[in-house]
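# An overview of the molecular structure
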Amino acid sequence: SNMSRTAGRHFLQIPGPTNVPDRILRAIDRPTIDHRGPDFGALGRRLFAGLKPVFKCSGPVIVYPASGTGAWEAALVNTLSPGDRVLMSETGHFATLWRGLAEKLGLKPDFLPGDWRHGADAEAIAARLGEDKAHEIRAVCVVHNETSTGCTSDIAAVRKAIDEAGHPALLMVDTISSLASIDYRHDEWGVDVTVAGSQKGLMLPPGLSFNAVSEKALDAHRTAGLPRAYWDWTAMLKANETGYFPHTPATNLLYGLAEAIDMLQEEGLDRVFARHDRHAEATRRAVGAWGLEVLCLDPDRYSSSLTAVLMPEGESADRFRRIVLDAFDMSLGSGLGKLADRVFRIGHLGDFNDLSLAGTLAGVEMGLALAGVPHEKGGTQAAMDYLAEEARAAVKET
Ligand code: PLP
């Protein structure tokens, strides 16, 4: 079926890359300009100013033409030295990949074990920092929204744990699947490096990633000893003032980024977060009505950008996803790492509305029937009932 044309739009309901709205596609579809010319400087300065409210930060934001993995590496090589200990929490597949990257760079990660069904354990972080009387741990690294599990971590609680331990470690947070989808506050939560990517809540194609940087991170940068060249913040920091990049920037993606910032500002970040919360709640009601289980076990930490659903024992999640793709032209997220074939993930983030969700859930429900997966009918209806209730409440307010 991949060979034949399918009428209508593909449903890209993986938890990123997300559907790119027409407005952003139109913005990208413009002539590439001279990145040393006057128009570019104006665009660059507008971008750097516009990014700050998205991260809720007052310091510089570094923009790389790279996937999120590049921004992970940049955060570490700019602030740390060979052999430094870093404290990481095993929230899932992405936390595990970040740890692997740290090891390859010659850092010494302490990996706090987790069951991939909860967020990072702030108490365990506090305890480990408390034992580190010599302050050998140089950074605490946490994934805000673990895309492989659909569990978030409480960053304010992690900050509090570091402060209460009186520990000087840097705090680094991966917001690749939460920025511009789930409430996030770089300055207020005292984050030193925020890592982000373009292809999820920012509604852009893959290819840009970000480091938002605190004063304390800039201080660490001055003495950090890991080798760095392409990722070095130094040259990139100048771009924050001039609007010009040290290398050839991804010009057309930056047109898209300017449009994305405008769109987020027009909707208002609080409304963007409320919309994601609503779609996540509707999705969980559908999953419950189907008689299936949400992977995340902590209701306070449910992700608003995606929901991972456990398959009933003995059922293949990958077979189910293939059937949904073939029959209904919708891509769902696969289980990653040790969750391979055990879960499927519904992405409900980015440029997404009530009817996109209704269509997505209808595709899942029809797919469950088609694949012969044991379930109850009526999940999509349960979600629709909730969305209608919420819409009624919103009409009353206006
Ligand atoms: N961190 C998280 C939470 C992610 O979801 C992803 C990708 O999905 C990454 C890191 C890696 O980013 P990338 O694949 O853009 O390199």
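Just so we're clear, the structure is a prediction, and the values are computed from it rather than from any experiment. (Residues numbered from 1 in each chain as written. Predicted model: local features only at pLDDT ≥ 70, side-chain atom pairs only at ≥ 80, totals over all residues.)

The subject of this paragraph is the sheet that holds strand S9 (residues 193–197). Spatial strand order, S2-S10-S9-S8-S5-S3-S4: 7 strands in an open sheet with mixed pairing. In the strand order of this sheet, the two ends are held by strand S2 (61–64) and strand S4 (108–112), each with one partner. The mean angle between the axes of side-by-side strands here comes to 20°, regardless of whether they run parallel or antiparallel. Pairing between strand S3 (residues 85–89) and strand S5 (residues 137–143): 4 bridges, direction parallel. In the sheet register, Arg85 faces S5, and the bridge partner there is Ile137. (Pairing = 2+ DSSP bridges. Helix = DSSP H or I, 4+ residues; strand = E, 2+ residues; numbered from the N terminus. Axes fitted to C-alpha atoms, helices over the stretch in contact; angles between N-to-C directions.)

Let's shift gears to the UniProt feature "binding site: substrate" (unreviewed entry) in the chain. Summarizing the sequence annotation, UniProt attributes the feature "binding site: substrate" (unreviewed entry) to Arg345 in the numbering used throughout. Within the secondary structure layout, Arg345 lies in strand S14 (residues 343–347). A count of 26 C-beta atoms within 10 Å places Arg345 in the buried class. With near-sequence residues (within four places) excluded, Arg345 lies in contact with Pro15, Gly150, Leu306, Ala308, Leu332 and Gly333. (UniProt positions renumbered as here; feature names shortened; annotations may be inferred. Buried ≥ 20, exposed ≤ 12 C-beta atoms within 10 Å, placed from the backbone. Contact = placed C-beta atoms within 7 Å.)

Taken as a whole, the chain is organised into domain 1 (11–18 + 268–397) and domain 2 (22–265). A C-alpha centroid distance of 27 Å is found between domain 1 and domain 2. On the domain 2 side, the residues contacting the 27 residues of domain 1 number 26 residues. Among the secondary structure elements, those contributing two or more residues to the side of domain 1 that touches domain 2 are helix H10 (269–290) and strand S12 (306–310). Among the elements that make up the side of domain 1 that touches domain 2, the one with the highest residue count is H10 (4 residues). Within the side of domain 1 that touches domain 2, the residues separate by chemical class into 13 nonpolar, 9 polar and 5 charged. (Domains from an automatic or database assignment. Nonpolar A, V, L, I, M, F, W, Y, C, P; charged D, E, K, R; others polar.)

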